[in-house]
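# Coordinate inspection notes
Each chain, letter by letter, is given below.
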Amino acid sequence: QVQLVESGGGLVQAGGSLRLSCAASVRTFSMYTIGWFRQAPGKEREFVAAIRWSGGNTDYAESMKGRFPISRDNAKNTVYLQMNSLKPEDTAVYYCGRANSPYYWTTKTFDYDYWGQGTQVTVSS
């Protein structure tokens, strides 16, 4: 059974930073694209960033480019999302997800089959 566990969320002032972590329980972690998504109250889950299984390719939602670098350490089965220059509109629950097939590059929510429980990020103005 695949388990993804997010951590690192919290309350921060606008302009501040947080680093989210997504730790996986399986050794096949290094075979999969991992993505970060977020969901604000009353809104649909939206794509934030994704990283290829090897770490050699990344993609970002337009509003996150340059602010939220994504990285991974396959030796630790962990993906990170460094969140910089945070804005109140970044307030949401952040989820990491695993793509539904090995060696498959995707940023579409419906292509992810395992999700963590989410971590709350709140940015005050």
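Residues numbered from 1 in each chain as written. Predicted model: local features only at pLDDT ≥ 70, side-chain atom pairs only at ≥ 80, totals over all residues. Heavy atoms only, no water.

Before going further, it helps to spend a moment on the nonpolar core. In terms of nonpolar packing, the biggest core is built from 34 residues, with Trp-36, Leu-81 and Tyr-94 touching the most fellow members. Listed by contribution, the elements that provide at least two residues to this core are β3 (18-24), β4 (34-39), β5 (46-51), β8 (78-83), β9 (92-99) and β11 (119-124). In terms of residue count, the dominant contributor to this core is β5 (five residues). Contacts of Leu-81, omitting those with residues within four sequence positions, involve Leu-18, Arg-19, Leu-20, Trp-36, Val-48, Ala-49, Phe-68, Pro-69, Ile-70 and Tyr-94. (Core = buried A, V, L, I, M, F, W, Y, C linked by side-chain atoms within 4.5 Å. Buried < 20%, exposed > 50% of the residue type's maximum accessible area, 1.4 Å probe, protein only. Helix = DSSP H or I, 4+ residues; strand = E, 2+ residues; numbered from the N terminus. Contact = heavy atoms within 4.5 Å.)

This part is about the pairing of β3. With five of seven residues buried, β3 is to be regarded as a mostly interior element. Note that β3 and β8 share six bridges and pair antiparallel. Within β8, the residue paired with Ser-21 across the bridge is Tyr-80. (Pairing = 2+ DSSP bridges.)

No statement about biological role is implied by the geometric values presented.
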